[in-house]
Amino acid sequence: MAVNTVRPQVNRPKANTLREVPQVVKPRPARPPRHKGTSLFELLDRYTKVDWFFAEGLPVRYLPKVLFLMGVTLFYIGNTHYADRTLRRIDKTKVETEDLRADYTTLKSEYMEASKQSEVARNVAPLGLMESSTPPIQVVLKKDEY
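The rules behind the values
- Residues numbered from 1 in each chain as written.
- Predicted model: local features only at pLDDT ≥ 70, side-chain atom pairs only at ≥ 80, totals over all residues.
- Heavy atoms only, no water.
- Helix = DSSP H or I, 4+ residues; strand = E, 2+ residues; numbered from the N terminus.
- Buried < 20%, exposed > 50% of the residue type's maximum accessible area, 1.4 Å probe, protein only.
- Areas by Shrake-Rupley, 256 points an atom, 1.4 Å probe, with all protein chains shown as cover.
- 1 Å grid on protein atoms, 1.4 Å probe; cavity = no way out; pocket = protein on both sides within 12 Å on 5 of 7 lines; lining within 4 Å.
- Points joined across faces, edges and corners; volume = space filled by probe spheres on them.
- Nonpolar A, V, L, I, M, F, W, Y, C, P; charged D, E, K, R; others polar.
- Contact = heavy atoms within 4.5 Å.
- Patch = residues over 30% accessible without salt bridge, like charges linked within 9 Å, V, L, I, M, F, W, Y side chains within 5 Å.
- Salt bridge = Lys/Arg side-chain N within 4 Å of Asp/Glu carboxyl O.
- Lys, Arg positive; Asp, Glu negative; His and termini not counted.
- Charge placed at Lys NZ, Arg CZ, Asp CG, Glu CD.
- UniProt positions renumbered as here; feature names shortened; annotations may be inferred.
- pLDDT = per-residue confidence, 0-100.

Across its full length, the protein holds three helices and zero strands. When its helices and strands are written in sequence order, the protein yields α-α-α. Looking at the protein as a whole, 2% of its 146 residues qualify as buried. Split by element, the accessible area of the protein, about 16,000 Å² in all, is 62% carbon and sulfur.

Shown next, in the form of structure tokens:
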């Protein structure tokens, strides 16, 4: 028989285990009676008097209307959250747009300043390039020459 196969143990030695100790459940002390009218629901029960509505059980005929109103309410709440999230995104985009516009204006003015003839001459002077002191010559061609 192979070594890695499982063999049932006939006389398994008993291990030392703890015995289960029965737990004694202490009875809760009785609460003193609460004064009527101390909670919100007791006040609502006292002033609304809707016990007659549920006297014969839950009125099932109103269940579709109640479920429809719950659905409309959930849709309204979800739509409000969606609108708030959209407004926050719009505000964030406006701030980013203003920052990008300011960066664009700054870079444009720096580019305009750097592209002036005097700035270009100052920047290329370390490379050994100098401005031409002679004006450019205009080449005039007759129609027949070319």
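The structure having been displayed, the exposition proceeds.
What follows covers the layout of surface pockets. Roughly 170 Å³ of internal volume is contained in the largest pocket. Considered class by class, the residues forming the lining of the largest pocket number six nonpolar, one polar and two charged.

Structurally, the position occupied by Glu119 is in helix α3 (residues 117-124). Beyond its immediate stretch of four places on either side in the chain, Glu119 contacts Glu113 and Ala114.

Here we take up a negative patch on the surface. On the surface, Glu96, Glu98, Asp99 and Asp103 cluster together into a negatively charged patch. Assignment of secondary structure puts Asp99 in helix α2 (residues 63-114).

Once that is clear, we can look at the UniProt feature "transmembrane region" (unreviewed entry) in the protein. Residues given the UniProt feature "transmembrane region" (unreviewed entry) here are residues 62-82. In residues 62-82, the share of helix is 95% and the share of strand is 0%. The end C-alpha atoms are 30 Å apart.

On the surface, Val50, Trp52, Phe53, Phe54 and Leu58 cluster together into a nonpolar patch covering about 550 Å² of accessible area. Topologically, Trp52 is positioned in the loop between α1 (40-48) and α2. A residue is classified by how much of its surface remains accessible, and Trp52, at 63% relative accessible area, is exposed.

Turning to the confidence of the model for the protein, a few remarks are in order. Low pLDDT means the predicted atomic positions in that stretch should not be read closely. For the protein, mean pLDDT is 85; residues scoring 70 or higher make up 87% of the total. Taking the mean pLDDT of every element in the protein, the minimum, 80, falls on α1 and the maximum, 96, on α2.

Take the pattern of salt bridges next. All told, the structure shown has two salt bridges when counted by the stated rule. Residue Glu113 is joined to Lys116 by a salt bridge in which the shortest nitrogen-to-oxygen separation is 3.5 Å. For Glu113, a relative accessible area of 40% puts it in the partly exposed group. Between Glu119 and Arg122 there is a salt bridge; the shortest N-O distance is 2.9 Å. Of this pair, Glu119 and Arg122 are both found in helix α3, three residues apart, which corresponds to roughly one turn of the helix.

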